[in-house]
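Examination of the molecular architecture
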Amino acid sequence: MSSTIWGKRLAEADISAREVRRPFDVAAGLRRLAEDAGYISPAAQEPDGSLARHRLDVVARLAVTEAGAAAHVEELTAVIGDHGEDGPAPAGFDGWTRDVLDIPGVNVFACTLYLAHHPESAVFWWQLAAGAGHSGAAYCLHLHHLANGEVRDAALWKHQAATLFKGTEAFFDDVENLTGYAMRIGSRRVMATRRLEEEVDRLAERHDGGGLVSRLDSRLADRIHDLAAQH
């Protein structure tokens, strides 16, 4: 998901998408100054894995229900999909380049796998998309590693996402505010994923490439289109 799309999302969200600024904590500020001066040791801070997981849920759902998501998956299916015995043979891994694959479709496929509870497969496809320059996939990897307490990997992918976004910490704050807003209204916008999960489970049974879901087909694109129509 590009920075332009995130900006549009923020513009469309109401004022509650902007979290209220907290009053300045004088004690915490003094502590930071003392830490910077070396008078006291920085307090160990554990990453909030639960919050990162919730943010990743929101980002993945936004990607799957984004306008055009199903079309991107259809483009991806045309290259590497299962077309049945009478269809063209899908391209092998060696032929998968950014010039051949629909990279936004790769990210949508990864987000679909994540929502359908196939995280290992999701990570594989996110890495493929991020390596081809997809900033949203890199940000998803950041959140995934943060949710699992893998701070170093999370930091590396956040840096990669920032490089691809060409953004700043303020931009990440905006994204996190937007996901926080989506989390707060999520109870009123429940995405029915059961049929999506069934489709992914079917693909997992048919195309288990070393434990990873390695193929997709037009039926998955149809389910994504159905979900997008509900939003």
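It should be emphasised that the depicted structure is a prediction, and the values quoted were computed from it without experimental measurement. (Residues numbered from 1 in each chain as written. Predicted model: local features only at pLDDT ≥ 70, side-chain atom pairs only at ≥ 80, totals over all residues. Heavy atoms only, no water.)

Each helix and strand in the protein was counted, giving 11 helices and two strands. Across the protein, helices and strands are ordered from the amino to the carboxyl terminus as α-α-α-α-α-α-α-α-α-α-β-β-α. Of all 231 residues assigned to the protein, the portion counted as buried reaches 42%. Within the protein, contacts between residues at least 6 apart in sequence are counted, and of these 71% link residues at least 24 apart. Summed over its atoms, the accessible surface of the protein is roughly 12,900 Å², and 52% of this surface lies on carbon and sulfur atoms. (Helix = DSSP H or I, 4+ residues; strand = E, 2+ residues; numbered from the N terminus. Buried < 20%, exposed > 50% of the residue type's maximum accessible area, 1.4 Å probe, protein only. Contact = heavy atoms within 4.5 Å. Areas by Shrake-Rupley, 256 points an atom, 1.4 Å probe, with all protein chains shown as cover.)

This part covers the packing of aromatic side chains. Any pair of aromatic rings gets described here by the distance separating the centres and the angle formed by the planes. Throughout the structure, instances matching the rule amount to three aromatic pairs. Grouping aromatic residues by their ring pairs yields a cluster made of F109, F124 and W125. (Phe/Tyr/Trp six-rings, centres within 6.5 Å; stacked < 30°, edge-to-face > 60°.)

It is worth spelling out the nonpolar core at this point. Counting residues in hydrophobic clusters, the biggest one holds 51 residues, and the most contacted among them are F109, W126, Y139, L216, L220 and I224. When residues no more than four places from it in sequence are discounted, the contact partners of F109 are L76, W125, V213, R215, L216 and L220. (Core = buried A, V, L, I, M, F, W, Y, C linked by side-chain atoms within 4.5 Å.)

Think of two packed helices as two axes; the pair is described by the angle between the axes and how far apart they sit. Axis separation between helix α3 (residues 49-65) and helix α7 (residues 135-147) bottoms out at 7 Å; the angle between their running directions is 150°. One finds that α3 runs roughly antiparallel with respect to α7. The crossing of α3 and α7 is left-handed. Packed against α3, whose contacting residues are G49, A52, R53, R55, L56 and V59, the element α7 presents Y139, C140, L143, H144, L146 and A147 at the interface. Looking at the contact of α3 with α7 residue by residue, the classes come out as eight nonpolar, two polar and two charged. (Axes fitted to C-alpha atoms, helices over the stretch in contact; angles between N-to-C directions. Parallel < 35°, antiparallel > 145°, perpendicular 65-115°, else oblique. Left-handed = near helix turned anticlockwise from the far one by under 90°. Nonpolar A, V, L, I, M, F, W, Y, C, P; charged D, E, K, R; others polar.)

Once that is clear, we can look at the packing of helix α6 (residues 119-131) against α7. Running from N to C, α6 and α7 cross one another at 140°; their axes reach a closest spacing of 8 Å. Here α6 lies oblique to α7, going by the angle between them. Note that α6 runs across α7; the crossing there is left-handed. Here α6 contributes V123, W126, Q127, A129 and A130 to the contact with α7, which in turn contributes A137, A138, C140, L141 and H144. Among the residues making up the contact of α6 with α7, the classes are represented as eight nonpolar, two polar and no charged.

Turning to the pattern of salt bridges, a few remarks are in order. Tallying each qualifying case throughout the model produces four salt bridges. R202 serves as the salt-bridge partner of E199, at 2.7 Å between the closest nitrogen and oxygen. Of the two residues, E199 and R202 both sit in helix α10 (residues 194-206), three residues apart, roughly one turn of that helix. Classification of E199 by relative accessible area gives buried; the value is 7%. For R202, the salt bridge identified is with D217, shortest N-O distance 3.0 Å. Within this pair, whereas R202 is found in helix α10, its partner D217 is found in the loop between β2 (212-213) and α11 (218-229), the two being separated by 15 residues in sequence. For R202, a relative accessible area of 15% translates into the label buried. By relative accessible area, D217 is classed as buried at 6%. (Salt bridge = Lys/Arg side-chain N within 4 Å of Asp/Glu carboxyl O.)

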